[in-house]
Amino acid sequence: MSHGDEVIKLPRGFRYIASSENIKAASIGDEKRNIYGVQFHPEVQHTNYGMEILKNFLNICQENPESREINIKDIIDDIKVKVGNKKVIMALSGGTDSFVAATLIAKAIGKNLIPVYVNSGLMRDNALKNVTQIFPKLFAIKPKVLKVKNIFLNKIKNIIDPEKKRKTIGLLYVRLFEKVAQKQKNVGFLGQGTTYADFIHSKSTKHAALIKSHHNVGGLPKKMKLKLIEPIRYFYTDQVRYIGKKLGLPEEILYQQPFPGPGFAVRILGKITDNRLRKLKQADRIVMDEIEKAGLKNQIFQYFAILTNTKSTAIKGDGRFYGEVVAIRAYTTKDRMTADWAKIPFEVLQKISTRIVNEVPEVSRVVYDITTKPPATMEWE
Ligand code: XMP
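Residues numbered from 1 in each chain as written. Predicted model: local features only at pLDDT ≥ 70, side-chain atom pairs only at ≥ 80, totals over all residues. Heavy atoms only, no water.

(A) Representation of the site of the ligand. Around the ligand sit 17 residues, and of these Arg-166, Lys-212, His-215, Lys-373 and Glu-379 come closest. Between the ligand and the protein, one listed contact pairs an oxygen atom with a side-chain N or O atom of Arg-336 at 3.1 Å. Within the backbone of Met-378, one N or O atom sits 2.8 Å away from an oxygen atom of the ligand. In isolation the ligand offers 490 Å² of accessible surface; the protein chains occlude 96% of this area. The class makeup of the residues in the shell around the ligand is five nonpolar, six polar and six charged. Taken domain by domain, the makeup of the shell around the ligand includes at least three residues from each of domain 2 (72-254) and domain 3 (268-368). (Near = heavy atom within 4 Å. Polar contact = N/O pair within 3.5 Å; in protein donor to acceptor, adjacent residues only side chain to side chain. Areas by Shrake-Rupley, 256 points an atom, 1.4 Å probe, with all protein chains shown as cover. Nonpolar A, V, L, I, M, F, W, Y, C, P; charged D, E, K, R; others polar. Domains from an automatic or database assignment.)

Here it is, written out as structure tokens:
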């Protein structure tokens, strides 16, 4: 599709792709022109009439979308068959996905489930509470908690490249789970709460491009001693919550914000030190407090702070102060594949900004990220 140099504004759901192949094709003629490929994504939430287009397509194929209702009993039966009498080490993060996956596996194999929480120091504080207080109430199984903050910080302290960071963290998680497995008899599987969005972004189908290696998919080592069991691998967030609701999980688990497995590590650009981690946690707490105080908790899918590793000039007292820029990211989405930035009222943004520059040491400026996905992913790394 060629328009000379003119770029036409595309409707929602369409996206230009200016690949080098397109450019090469364009210079074959006498005239050198810019040429643009166009991708169309009817499946994503923000495409106008996307669902209607897909429904019409299914109609033409004589398929009935209603016949694909999620069958929880089938999922549980599949786990029983796959796992047999082996034990499963379950990677718990305290988040919705691993809770739902753990529940499905627990329904299938009962006490043969060994839940493990890796306390890397990189997660929000509520994760530990979910794992140590809510989980045992629901399942009468006490998860093992591995206290490994120093190991994590030592491994990643000099890693700046986001993909390398993700892969190092993915590998570390697996090696820790394998260590737990070695101390038990008859462990055959590692259970994970991987969803389809994690899977797609990590280039796990031959048609998908690598966007980023989610720690639990593209971040896994090639050689693993345990086989994977991932009961929600083919579901998106809204479907995962639906399954969780049917399984009777509490709302505080199902409707919490997602939090990435590599945690604060992918929100600290540049070197990760204990001091920077502390500052990010402080800024993150302020973002959470103010959004929750403003009653916006249920309207925004995810909200958090980022240490940008960029410095800017500010005034403190009568003097110059050169400190770090903190960014705030908050967005709405249904399936995490596309997202819109949250239209947080200015007064709330103002409060967040004032509190962060006043309360978090060495921060000179706060900016609000107003980029949609695509093109920008939700996490900065
Ligand atoms: P992105 O940044 O890819 O994020 O737009 C989409 C959603 O996935 C979460 N995320 C991760 N979750 N492991 C996870 O378990 C990861 O490595 C990872 N990276 C991103 C992100 O927080 C958002 O909800």
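(B) Main features of unusual backbone geometry. Of note, the bond from Lys-373 into Pro-374 is cis; its omega dihedral lies within 30 degrees of zero at -10 degrees. Tracing the chain through its elements places Pro-374 in the segment after strand 11 (363-368). In this structure, the amide linkage connecting Pro-374 to the following residue, Pro-375, adopts the cis form with an omega of 5 degrees. In this fold, Pro-375 is placed in the segment after strand 11. The backbone of Asn-186 shows a phi angle near 70 degrees, a positive value even though the residue is not glycine. Using a relative accessible area of 36% as the deciding quantity, one classes Asn-186 as partly exposed. Of note, the phi angle at Asn-309 is positive, near 65 degrees, even though the residue is not glycine. Considering the arrangement of structural elements, one finds Asn-309 in strand 8 (residues 302-316). (Helix = DSSP H or I, 4+ residues; strand = E, 2+ residues; numbered from the N terminus. Buried < 20%, exposed > 50% of the residue type's maximum accessible area, 1.4 Å probe, protein only.)

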